[in-house]
Amino acid sequence: MSDKSIKDPTRRSALKLLGAGAGLAAASSFIPGISRFAHAEGAGPIKLGFQMHSTGIGASYGRWYDRTTQAAVARINEMGGINGREVVIVTEDDGTDPKRGAEVVEKFATQHNCDMVFGTLFSHVVYGSAPRAGELKIPYFVCSEGHHVASGALNRYSMQPGITDVRSQVQAMAPFIANNLGKKITMVYPDFAFGHDHRDYFTAAIEAQGGEVVASIAIPPTETSFTRYFPNIPRETEVLYHVMVGPAVLTFVKELGEFFGPQRPEIFGFLDSLEAVGLNTPGLEFLEGTYFWEGNPRHAQADQSEFDKSFRAAVGVNEMGASIDDPNDISTYSHMFSCWETLNVIKKGMEASGYKGPKDRQSLIEAVEAMTAFEHSDDHPQGAKVMNGKTHQVFGHQFISKVTNGKMVVEHTTSIEDGFYEDAVDYTTQSF
Amino acid sequence: MTKNSLYSHCLHFGTIALLVALFFLLPAYHVGNLSRIMVLAVYAMGFNLLFGYTGLLSLGHALFFATGMYGLGMAMNTFGLPSELALIVGVVCAILVSTAIGLLALRTTGVAFMIVTLMFAQAGYLTVLYFGSYTRGDEGFVIQQAERIFAGVDITGETSRYFAALILFSIVFLLIAYLVRSPFGRTLVAIRENEERTKMLGYDTVRHKLLAVIISGSISGLAGAAYALLFGYVGATFATVQYSIFPLLWVLLGGAGTTLGPLIGVVFMFYLIDLSSELTQAYMLIAGVVLVLLTLFAPQGLAGEIRRKVFKWLP
């Protein structure tokens, strides 16, 4: 911050300026705002503010993020909590809206007296909320897969230690696609920032593998029918790369099937399109034999790890990726592990920094920045990871699955290194 | 000074004094909320000038709010302008856009005016997405804390942000109070009540309505620019139809055609959502029921009902 600027006076100093200090002391017990300064250090439970997409476009994700969070916290508390203290989750709905997201961060920090905030998924909510977290100096752990944190657009208080970002995911797909599916790619993506990230990062990554994007077809977000876009797919296309989100994906797949019939190119998509949607949904039969990126395999694989078994049991997901209680309630398995793993990173960070209360928030950030790797374990059931403390971003394995008899079977697991890229920021050089 | 005028002065300056006092009395969370509420109330006041006083229902005011927001945000992030200049850029952009929209949309009336403004706003939203390389589309972008210095003051802190919002609110609040009591404002009310008769009396109603659109759009744009500057985020969400409906709700709840109504409406809606969301995830249902009840039993809005039943002088 510029030295020339006038630092923001606190309300207390403003009151002193008014000569009301003595009166304030006498009245403090009657003014609810004053009580927030009396937050006891090191006593009582650790309060984690969970910014949840309960309503709005992210609600299906939010429901599963909540279940995962509750399961993770129950496990942490069973193991004795953090630094001997119980962990309590305070949940607020952000409506998947950036304005409300910022308000919720403020509420966690100044009304609920939370120790930190975590759990945001949708990128626009992260962008809207992170500035307030930085101003309020409260750690903000996002579970979003957006490239926002690693791009350097946010601030030192924002971290993403539980899930790989989209740039890394997209980049890691390129070698498999170029070597196994084809080198002439047509991309179909939604015409907003998430789609543009795919377009930009995948185009560069596939060119590095000797392939090329022969056509980029951006679909306006208000579109409900896609047939008129398909004639723009060049005949030379060897691989159709698609990433569609929202309810229109069902129409997209159905119309794609009607357009191509049995004579189709190889098809590769991101499972973001079908999170919380069953592959047995009518209209999705066309996906048989196509490939998907998965952040964590939805269907239990033949070589399923013990960690994945434990994780599924804890969050209440069966081997087909649906709720144990309701087979029609499909999980967001490719993303929801991020809440689990983030909470375990927070636990490690608090233990490493000897966290007692809000005055130790900076030590917590430094402790997470100092982390370098996470072992594949019950704490990290999705897989091993490498943490980049400078960019506040974690890197992990990605999975490429083929739809075979209605089940997604993992064909390839990328190395962590496949997703590495040059650092765009060094948050550790920023002041708190 | 007439008695009503004296009451009006007391009400307006009293409201500002109350907002100053609340800063010292309220807990930090509510102080933060009030900062936000005051900026949104500026947006609502801009809308109220057109809807409440002129009788023109726009469903596209998010376009003006977002224009101010992106005008400031891109001036700072893309062109590196200081915040003071960027604020001017944001407002100038809003003036230009509202002039253009006014010239086109005022060729229509009634329902057609609503639809035309709605469609322009939707076009604006899609334009933001289309130029995503510059605007970052739906994700939006952050204005870094270090850049948010205004007139040498770091406006990212609790105190400075609150008083920046209060100064902005007070200026627009008093300006609107003056405007609606001026001959210009009374002509707008006359247009609202009976445009044909106003025209027959010799007033250039087209010019007055165009000016109302421009002033209303510019104030909304100013609110958008201030919101971006004070809270550090610029995003396409603010250009969606939802953010065109919000000021309509705020003004209807608070009282259309009253100077205090927009502030009351924003406070009411903000805390209705905030408090009901603590009770249930179906908080929008609670909000909906309350809105229906208010519409049934207080059709003129909260301030409007107070004016109808108690204080006839309420401006």
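What counts and how
- Each chain has its residues counted from 1, running along the sequence as written.
- Written order determines the labels here, with chains lettered from A and ligands numbered from 1.
- Totals for whole chains, interfaces and linings use all residues, but because this is a predicted model, local features are given only for residues with pLDDT of at least 70 and pairs of side-chain atoms are given and counted only at 80 or more.
- Under the DSSP-based scheme used, a helix requires at least four consecutive residues in state H or I and a strand at least two consecutive residues in state E, with every element numbered from the N terminus.
- Exposure is read from a count of other C-beta atoms within 10 Å of each residue's own; the residue is exposed at 12 or fewer, buried at 20 or more and partly exposed in between. C-beta atoms are placed from the backbone.
- Any pair of residues counts as being in contact when their C-beta atoms, constructed from backbone geometry, are within 7 Å of one another.
- Three categories are distinguished: nonpolar for Ala, Val, Leu, Ile, Met, Phe, Trp, Tyr, Cys and Pro, charged for Asp, Glu, Lys and Arg, and polar for the others, with Gly belonging to the last.
- For two strands to count as paired, DSSP must find a minimum of two bridges between them.
- Where each domain starts and ends comes from a domain assignment, either automatic or drawn from a database.
- Helix axes use the C-alpha atoms of the stretch in contact, all axes being lines fitted to C-alpha atoms, and the angles between their N-to-C directions lie in the range 0 to 180 degrees.
- If an angle is under 35 degrees, it is roughly parallel; if it is over 145, roughly antiparallel; if it lies from 65 to 115, roughly perpendicular; otherwise it is oblique.
- Expected helix span is computed as 1.5 Å times (number of residues minus one).
- Note that the bend at a residue is defined as the angle between axes fitted to the seven residues ending at it and the seven residues starting at it.
- Each residue carries a pLDDT value, the predictor's own confidence for that position, ranging from 0 to 100.
- The term nonpolar core refers to a group of buried residues, namely Ala, Val, Leu, Ile, Met, Phe, Trp, Tyr and Cys, whose C-beta atoms join them within 7 Å.

(A) Spatial organisation of the overall build of chain A. When its secondary structure is counted, chain A shows 11 helices and 15 strands. When the 432 residues of chain A are sorted by exposure, 49% land in the buried category. For chain A, the proportion of contacts with a sequence separation of at least 24, taken over those separated by at least 6, is 69%.

(B) Geometry of unusual backbone geometry. Even without glycine at this site, Asn 405 of chain A takes up a positive phi of about 50°. Following the sequence through the fold, Asn 405 of chain A ends up in the loop between β14 (399–404) and β15 (407–413). We note that Arg 136 of chain B has phi near 60°; this positive angle belongs to a residue other than glycine. Tracing the backbone shows Arg 136 of chain B in the loop between α6 (132–135) and β1 (141–142). The class for Arg 136 of chain B is buried, based on 26 C-beta atoms found within 10 Å.

(C) Molecular detail of the interface of chain B and chain A. Each partner contributes residues to the interface: chain B has 37 residues there, and chain A has 44 residues. For the side of chain B that touches chain A, the elements supplying multiple residues, two or more each, are α1 (3–25), α2 (28–53), α5 (110–130), β1, β3 (153–154) and α7 (158–181) of chain B. With four residues, the single largest contributor to the side of chain B that touches chain A is α2 of chain B. For the side of chain B that touches chain A, the residue count by class is 16 nonpolar, 15 polar and six charged.

(D) Summary view of the sheet that holds strand β13 (residues 393–396) of chain A. Ordered by their spatial adjacency, three strands build an open sheet running β11-β12-β13 (chain A), and the pairing between neighbours is antiparallel. In this open sheet, the two strands that pair with only one neighbour each are β11 (373–374) and β13 of chain A.

(E) Summary view of the domain arrangement of chain A. Residue and element names in this part refer to chain A. Annotation of chain A at the domain level lists domain 1 (46–164 + 334–396) and domain 2 (167–294 + 400–413). A C-alpha centroid distance of 30 Å is found between domain 1 and domain 2. On the domain 2 side, the residues contacting the nine residues of domain 1 number 10 residues. Counting only elements with at least two residues in the side of domain 1 that touches domain 2, the list comes to α3 (59–78) and α10 (333–353). Grouping the amino acids of the side of domain 1 that touches domain 2 by side-chain chemistry returns two nonpolar, six polar and one charged.

(F) Quick peek at the packing of helix α11 (residues 242–254) of chain B against helix α14 (residues 301–309) of chain B. All names here are of chain B. Where α11 meets α14, the axes come as close as 3 Å, and the angle between the chain directions of the two elements is 20°. Judged on the interaxial angle alone, α14 and α11 are roughly parallel. Contacts between α11 and α14 involve Leu 252, Leu 253 and Gly 254 on the former and, on the latter, Gly 301, Leu 302 and Ala 303.

(G) Main features of the environment of Met 350 of chain A. Residues and elements named next belong to chain A. Note on placement: Met 350 falls in helix α10. Separated by 17 residues in sequence, Met 350 and Ala 367 place their C-alpha atoms 7.7 Å apart. The contacts of Met 350, once residues within four sequence positions are left out, are Ile 82, Asn 83, Tyr 355 and Leu 364.

(H) Seen up close, helix α4 (residues 98–110) of chain A. Over its 13 residues, α4 of chain A runs 18 Å from end to end, which matches the ideal 18 Å to within 8%, given 1.5 Å per residue. Summarising burial for α4 of chain A: 13 of the 13 residues are buried, a large majority.

(I) Spatial organisation of the packing of helix α3 (residues 61–77) of chain B against α11 of chain B. Residues and elements named next belong to chain B. At their nearest, the axes of α3 and α11 sit 7 Å apart, and the two run at 110° to each other. In terms of their interaxial angle, α3 and α11 are classed as roughly perpendicular. On α11, the residues touching His 61, Ala 62 and Phe 65 of α3 are Tyr 243, Ser 244 and Pro 247. Of the residues assigned to the contact of α3 with α11, the class counts are four nonpolar, two polar and no charged.

(J) The arrangement of the sheet that holds strand β2 (residues 87–93) of chain A in detail. Residues and elements named next belong to chain A. Reading across from one edge, β2-β1-β3-β4-β5 is the order of the five strands in this open sheet, with parallel pairing throughout. The outermost strands of the open sheet, each flanked by one partner alone, are β2 and β5 (158–159). Pairing analysis gives three bridges linking strand β1 (residues 46–52) to strand β3 (residues 116–118), with the strands arranged parallel. The partner of Leu 48 across the bridge, within β3, is Met 116.

(K) Just the pairing of β13 of chain A, in detail. Residues and elements named next belong to chain A. The alternating pattern of β13 places Gln 393 and Phe 395 and Val 394 and Gly 396 on opposite faces, both of which are buried. Here strand β12 (residues 385–388) runs beside β13; their pairing, made up of four bridges, is antiparallel. Bridging across to β13, Lys 385 finds its partner in Gly 396. Between β12 and β13, which pair antiparallel in sequence order, lie four residues; one of them, His 392, sits at a positive phi of approximately 65°.

(L) View of the pairing of β12 of chain A. All names here are of chain A. Covered by surrounding structure in β12 are Lys 385 and Met 387 only, the residues Val 386 and Asn 388 on the alternate face being uncovered. One ladder, built from two bridges, connects β11 with β12; its direction is antiparallel. Its bridge partner being in β12, Ala 373 is matched across the sheet by Val 386.

(M) Up close: α2 of chain B. Residue and element names in this part refer to chain B. The terminal C-alpha atoms of α2 lie 35 Å apart, and with 26 residues this matches the ideal 38 Å at 1.5 Å per residue to within 8%. The principal kink in α2, of about 35°, is found at Phe 47. The positive-phi residue at the C-terminal boundary of α2 is Gly 55, with phi of around 80°.

(N) Examining the confidence of the model for chain B more closely. Model confidence for chain B is summarised by a mean pLDDT of 93, while 100% of its residues fall at 70 or above. Prediction confidence for the complex, expressed as pTM and ipTM, is 0.87 and 0.87 respectively.

(O) Structural detail: the nonpolar core. Formed by 166 residues in total, the largest nonpolar core has its most connected members in Val 39, Ala 41, Val 42, Met 69, Leu 72 and Ala 226 of chain B. Ranked by residues supplied to this core, first place goes to α2 of chain B with 16 residues. Both domain 1 (46–164 + 334–396) and domain 2 (167–294 + 400–413) of chain A contribute no fewer than three residues apiece to this core. Counting 42 residues, the second largest nonpolar core, distinct from the first, contains Ala 172, Tyr 189, Phe 202 and Phe 286 of chain A.

(P) Main features of the confidence of the model for chain A. Counting all residues, the mean pLDDT for chain A is 89, and 90% of those residues have values of 70 or more. When the criterion is pLDDT under 50, residues 1–6 of chain A qualifies, and its contacts beyond four places in sequence or with other chains add up to 13 contacts.

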